[in-house]
Amino acid sequence: MNKKVLVIGQGAREHAIVWKLASSNHVGQIFAAPGNPGIGSLAQCVDIKADDVAGLKDFALSNQIDLTVVGPEAPLMKGLADEFVAAGLKVFGPSARAAVIEGSKVFTKDLCRKYGVPTAAYGAFTDVDAAVEFAQQLYDAGKRAVIKADGLAAGKGVIVSRDLEEACEAIESIMLDKEFGSAGDQVVVEECLDGEELSFFAVTDGQDFITLLPAQDHKRVFDNDEGPNTGGMGAYVNPPVATPELQERIIKEIIKPVLAAMQAEGRTYQGVLYGGLMLPEQGPQVLEFNARFGDPEAQVLIPMIKSDLYEMLEEAASGRISELRPELEEGSCVCVVLASGGYPGTFERGKPISGLDDILPGCMVFQAGTACQDGQLVTDGGRVLSVVSRGADLQSALDLVYRQIERISFEGMHYRRDIAHRALKHQGGRP
Ligand code: AMP
Ligand code: GLY
């Protein structure tokens, strides 16, 4: 009951992590950098930016932090885990050499190709004409092309083109106009796959791993998957497509070979390996990997972990995950994101938030873009709150989450009313 933990990040994902860690018998004190007002009710927020690696290291050393948990990808890419390990600090999250699995799409596609991990047919290009030629070949063969900037592009670097003209425009804006800066020095042009998407999570110490519940995200801003892409408008666990057989297949064909491949490449991977997968008829295919928990997936995955989260993350960070037999909760869990008016485009901040004093049993509200102004909680970002509920089954979790949302308001608030629509279609339930 005396461990000190530092959680890095400031979103609803980190609020969920802090909330779960706060219930651990091992944890005595939690710090969050920089955190947010919701996190501040459970942890001590310290004013250090999530990507200020040197500042975070100094803080962790001077406060004798026992375990640091990294929420977002940026500090990992900047080598936070490497710096911490070199300083004798324990950290949950991959080294920069391993986090490249999220940081470079070309790296990941080439890794999949080299080790026979299923992924869409592709080419990687530094030359515009060659990229256009490959896109043309895809369209000539009756397929569509997806254009991806190699590096991180704040979730905007992937364009699913509808015709060759759109593919060429995307290639040119990434490679010539440098829409995403040096992230567009290379592009991946790949075959567009049809099917449902699935987020799949393994917690690994580099050698062994455990899996958490599969989840489905909702990336488009409006109902029926319309409108522009967002960071994620909602999620739920155990989508019906993720049958036990499919999960076995994902572990055998994707997770195990990728972890072994990373080891073989001298990039042993410790942390959460988050597979963004497509499920076309021919079987699960890798779209991308992320080096962290998903957001909003973490908000549903974490409440479904019955075991002690500190133990899980500490054992992964210490190379002992094989000793762990994590217990998961029964039933279902859903998350609906409440966003600012205008998001994912421009939006105003500073709108007072009401309705958080009285949360229904079975619900949780994790904060993301919030701030405290003169004692009043106000909006301070695009995705403002993640409203989460657990229920005996999906329908009861959904009924509960939307009842909770009716009690919450801020000017311009909008959210999707069709979270888990794919599951309800499978089950023949109400949309
Ligand atoms: P990524 O960042 O690679 O996961 O891509 C972002 C989104 O683009 C995914 O969640 C998919 O919706 C879509 N996407 C990416 N690659 C493909 C593909 N090969 N076929 C169809 N959709 C894709
Ligand atoms: N849920 C999408 C992401 O975390 O990248």
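Residues numbered from 1 in each chain as written. Chains lettered and ligands numbered in written order. Predicted model: local features only at pLDDT ≥ 70, side-chain atom pairs only at ≥ 80, totals over all residues. Heavy atoms only, no water.

Engineer: Would you mind showing me how to read the overall build of the chain here?
Structural biologist: Across its full length, the chain holds 14 helices and 22 strands. Here the C-alpha radius of gyration of the chain, 21 Å, is about what a compact globule of 431 residues would show, namely 22 Å. Dimensions along the principal axes, computed over C-alpha positions, put the chain at roughly 60 × 50 × 45 Å. Here the chain holds 431 residues, and 57% of them are scored as buried. Within the chain, residue pairs in contact and separated by at least 24 positions form 69% of the contacts whose partners lie at least 6 positions apart. Counting only carbon and sulfur atoms, one obtains 46% of the accessible surface of the chain, whose full area is about 17800 Å². For the chain, the distance from the average position of its 40 positive side-chain charges to the average position of its 61 negative side-chain charges is 3 Å. (Helix = DSSP H or I, 4+ residues; strand = E, 2+ residues; numbered from the N terminus. Rg over C-alpha atoms; globule rule 2.2 N^0.38 Å. Buried < 20%, exposed > 50% of the residue type's maximum accessible area, 1.4 Å probe, protein only. Contact = heavy atoms within 4.5 Å. Areas by Shrake-Rupley, 256 points an atom, 1.4 Å probe, with all protein chains shown as cover. Lys, Arg positive; Asp, Glu negative; His and termini not counted. Charge placed at Lys NZ, Arg CZ, Asp CG, Glu CD.)

Engineer: In this structure, what is going on with the site of ligand 2? I would like to understand it.
Structural biologist: Taken together, D217, G231, Y274, N290, R292, G294, D295, P296 and E297 make up the full set of residues adjacent to ligand 2. Separating a nitrogen atom of ligand 2 from a side-chain N or O atom of D217 is a distance of 2.8 Å. Starting from 200 Å² of accessible surface for ligand 2 in isolation, the protein chains cover 89%. (Near = heavy atom within 4 Å. Polar contact = N/O pair within 3.5 Å; in protein donor to acceptor, adjacent residues only side chain to side chain.)

Engineer: Help me out: how do you make sense of a negative patch on the surface in this one?
Structural biologist: On the surface, D127, D129, E133, D163, E165, E169, E172, D177 and E179 cluster together into a patch of negative charge. The set of elements that each furnish at least two residues to the negative patch consists of helix 8 (128–140) and helix 9 (164–175). Of the residues forming the negative patch, the biggest block, 3 residues, is contributed by helix 9. Mapped onto the fold, E179 is located in the loop between helix 9 and strand 9 (187–191). Owing to a relative accessible area of 49%, E179 belongs among the partly exposed residues under this scheme. (Patch = residues over 30% accessible without salt bridge, like charges linked within 9 Å, V, L, I, M, F, W, Y side chains within 5 Å. Salt bridge = Lys/Arg side-chain N within 4 Å of Asp/Glu carboxyl O.)

Engineer: Hey, could you run me through the site of ligand 1 in this one?
Structural biologist: Looking at ligand 1, there are 14 residues lining it, with E190, E191, L193, E197 and E288 nearest. In this structure, K105 approaches ligand 1 through a side-chain N or O atom, which is 3.2 Å from an oxygen atom. Measuring from a nitrogen atom of ligand 1, one finds a side-chain N or O atom of E190 at 2.6 Å. Compared with its free state, where it exposes 470 Å², ligand 1 has 87% of that area covered by protein. Of all the secondary structure elements, the ones that give two or more residues to the shell around ligand 1 are strand 7 (145–149), strand 8 (158–160), strand 9 and strand 17 (285–290).

Engineer: Quick question: what am I supposed to make of the sheet that holds strand 6 (residues 122–125) here?
Structural biologist: Across the sheet, 4 strands lie side by side as 6-9-7-8; this open sheet has antiparallel pairing. Of all strands in the sheet, those bounded by a partner on one side alone are strand 6 and strand 8. When the angles between neighbouring strand axes are averaged without regard to direction, this sheet yields 15 degrees. Of the pairings in the sheet, the one linking strand 6 to strand 9 comprises 4 bridges and is antiparallel in character. Bridge pairing in strand 9 links G123 to V189. (Pairing = 2+ DSSP bridges. Axes fitted to C-alpha atoms, helices over the stretch in contact; angles between N-to-C directions.)

Engineer: Please clarify how the side chain of D150 should be interpreted in this entry.
Structural biologist: As for its position among the elements, D150 is in the loop between strand 7 and strand 8. We note that D150 is buried and unpaired, the nearest opposite charge coming from K105 at a distance of 8.3 Å. Within the local environment of D150, its side chain forms a polar contact with the backbone nitrogen of V106, the two atoms lying 2.8 Å apart. In this view, D150 contacts G103, S104, K105, V106, F107, A183, Q186 and V187; residues no more than four positions away in its chain are not counted.

Engineer: What exactly am I supposed to notice about the packing of helix 8 against helix 9 here?
Structural biologist: In helix packing, the relevant descriptors are the interaxial angle and the interaxial distance, both defined with respect to the helix axes. The contact between helix 8 and helix 9 brings their axes to 10 Å, and the two run at 155 degrees. On the basis of the axis angle, helix 8 is roughly antiparallel to helix 9. In the packing of helix 8 onto helix 9, the handedness of the crossing is right-handed. Two secondary-structure elements touch here, helix 8 through V128, A131, V132, A135, Q136 and Y139 and helix 9 through L164, A167, C168, I171, E172 and M175. Grouping the constituent residues of the contact of helix 8 with helix 9 by class yields 10 nonpolar, 1 polar and 1 charged. (Parallel < 35°, antiparallel > 145°, perpendicular 65-115°, else oblique. Left-handed = near helix turned anticlockwise from the far one by under 90°. Nonpolar A, V, L, I, M, F, W, Y, C, P; charged D, E, K, R; others polar.)

Engineer: Looking at this structure, how should I read the packing of aromatic side chains?
Structural biologist: Centre-to-centre distance and the angle between the planes together describe a pair of aromatic rings. Using the criterion set out here, one finds 5 aromatic pairs in the structure. On the numbers, 5.7 Å between centres and 65 degrees between planes, the contact of W19 with F366 is edge-to-face. Here W19 is found in helix 1 (residues 12–21), whereas its partner F366 is found in strand 19 (residues 363–367), with 347 residues between them in sequence. What makes F366 buried here is its relative accessible area of 1%. Seen in terms of ring centroids, F31 and F59 are 5.2 Å apart; in terms of plane orientation they differ by 75 degrees. Their pairing is edge-to-face. In this pair, F31 is assigned in strand 2 (residues 27–34) and F59 in helix 3 (residues 53–62), connecting sequence segments 28 residues apart. Across the pair, exposure class does not vary: F31 and F59 are buried alike. (Phe/Tyr/Trp six-rings, centres within 6.5 Å; stacked < 30°, edge-to-face > 60°.)

Engineer: Looking at this structure, how should I read the side chain of D418?
Structural biologist: Following the sequence through the fold, D418 ends up in the loop between helix 13 (394–406) and helix 14 (421–427). According to the relative accessible area criterion, D418 is buried, its value standing at 9%.

Engineer: What am I meant to see in the pattern of salt bridges here?
Structural biologist: Two side chains with opposite charge may pair up if their charged atoms get near one another. Taken as a whole and assessed by the stated rule, the structure comprises 25 salt bridges. Where E197 meets K219, a salt bridge forms, and the shortest distance between an N and an O atom there is 3.9 Å. With E197 in strand 10 (residues 196–204) and K219 in the loop between strand 12 (215–217) and strand 13 (220–222), the pair connects residues that are 22 residues apart, well separated along the chain. A relative accessible area of 38% places E197 in the partly exposed class. Within this structure, K90, E314, E315 and R320 form a network of salt bridges that share partners.

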